[in-house]
Amino acid sequence: MDEMSYLFEVFDRMTQTGPGSDASSRRALRRFSDLPDRPRIADFGCGPGRTSLLLARETQGEVIAIESHAPCIDALARRAEREGLSRYLFPMVADMGQPPIAPKSLDLIWSEGAIYFLGFQRGLELWRPLLKTRAGIAVTEITWLTDHPSPANDRFWRREYPAMQSLAANVAAVEQAGYELIETFTLPPEDWSLHYYTPLQVSIDQLRADHPDEPLAQQCAAILQAEIDLYGAHGTEYGYVFYLARMA
Ligand SMILES: C[S@@+](CC[C@H](N)C(=O)[O-])C[C@H]1O[C@@H](n2cnc3c(N)ncnc32)[C@H](O)[C@@H]1O
């Protein structure tokens, strides 16, 4: 087994693989109250699909859920079937950097905890041509909330995500990519601790227990544990911010 297989083992047990909650997603969705009937929405980097299911349930539109990790898409399709949402939700294994979606065809783009894989501004620029005129976008991105991070934070995030920016720099990136900002809000602490890190901790403990003699599995567990512990000690210095905007 390699490092990626152990990481998938941890995350494939979870129903969301980043900070967030239905309450925060609904708060963001309420800002797009002028959506047409049956809006066409893409959820990029949907993972296990918490947000795709929510968007399907709330809008009863056409939600295209795009994810590169096939097991997530298989599980999401089964869950949509069980919850009676298959007619609204279309899970697809694809690259969100080259999505198989026609230009100017979307009423809304959604992406929680995934745009960093493309780069924040680059992702915004790549996705803009897919939107209909004046259509909206809602993305979350981990963001520095202080100009002076503690040394422990600085060290960890410089290694894990050196491109992390301040809120002001991200707002500038939104505008530079051709959008008009509607609102930003920071996800509350429970979106990390209760909705993400509590199930992640259970899954990390399971990995440790399942592979007691595998140094690589224990190492993966230690890296994930370090992120949880750092949040406990210095989590007020950074946060996940929702950036809500529409095509300028
Ligand atoms: C941190 S997870 C967040 C998942 C989900 N949005 C959530 O909040 O639970 C990021 C997801 O983006 C997916 N991803 C990364 N690069 C991708 C790409 N180029 N195309 C599609 N999905 C991608 C990963 O496989 C992962 O499932």
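Keep in mind the model is a prediction, meaning the values are calculated, not measured. Along every chain, residues carry numbers that run from 1 in the direction the sequence is written. Confidence filtering applies because this is a predicted model: local features only for residues at pLDDT of at least 70, side-chain atom pairs given and counted only at 80 or more, and all residues used for totals across whole chains, interfaces and linings.

Enquirer: Explain the overall build of the chain here, please?
Expert: Secondary structure elements are taken from DSSP: a helix is a run of H or I of four residues or more, a strand is a run of E of two residues or more, and numbering for both begins at the N terminus. When its secondary structure is counted, the chain shows 9 helices and 8 strands. A globule of 248 residues ought to have a C-alpha radius of gyration of about 18 Å, and the chain, at 18 Å, matches this closely. Along the first, second and third principal axes, the C-alpha atoms of the chain reach 55 × 45 × 30 Å. To assign burial, the other C-beta atoms lying within 10 Å of each residue's own C-beta are counted, with C-beta atoms placed from the backbone; 20 or more indicates buried, 12 or fewer indicates exposed, and intermediate counts indicate partly exposed. Here the chain holds 248 residues, and the buried ones make up 39% of them. Summarising the internal contacts of the chain: among those between residues at least 6 apart in sequence, 77% fall at separations of at least 24. The size measure is the radius of gyration over C-alpha atoms, and the globule rule it meets is 2.2 Å times the number of residues to the 0.38 power. Note that contacts rest on C-beta atoms placed from the backbone: two residues are in contact if these are within 7 Å.

Enquirer: How should the site of the ligand be read in this particular structure?
Expert: Residues are classed as near a molecule or strand if the C-beta position derived from their backbone is within 6 Å of it. Not every one of the 22 residues close to the ligand is listed here, only the nearest: Gln-16, Gly-45, Gly-47, Ser-68 and Met-96. Only helix 3 (50-59) and strand 2 (62-67) provide two or more residues apiece to the shell around the ligand. Classifying every residue of the shell around the ligand gives 7 nonpolar, 11 polar and 4 charged. Each residue gets one label: Ala, Val, Leu, Ile, Met, Phe, Trp, Tyr, Cys and Pro are nonpolar, Asp, Glu, Lys and Arg are charged, and the others, such as Gly, are polar.

Enquirer: Please explain the packing of helix 1 (residues 3-11) against helix 8 (residues 189-210) as it appears in this structure.
Expert: Packed helix pairs are specified by the crossing angle of their axes together with the interaxial distance, meaning the distance between the axes. Axis definition: a line fit to C-alpha positions, over the contact stretch in the case of helices; interaxial angles, taken between N-to-C directions, run 0 to 180 degrees. Viewed as axis vectors pointing N to C, helix 1 and helix 8 meet at an angle of 130 degrees, and their least axial separation amounts to 8 Å. What the angle tells us is that helix 1 and helix 8 run oblique. In the packing of helix 1 onto helix 8, the handedness of the crossing is right-handed. Packed against helix 1, whose contacting residues are Tyr-6, Glu-9 and Val-10, the element helix 8 presents Ser-203, Ile-204 and Leu-207 at the interface. Any angle between 65 and 115 degrees counts as roughly perpendicular, while under 35 counts as roughly parallel, over 145 as roughly antiparallel, and the rest as oblique. Take the far helix as your reference; a near helix turned counterclockwise from it by less than a right angle gives a left-handed crossing, and one turned clockwise gives a right-handed crossing.

All we've got here are geometric facts, nothing functional implied.
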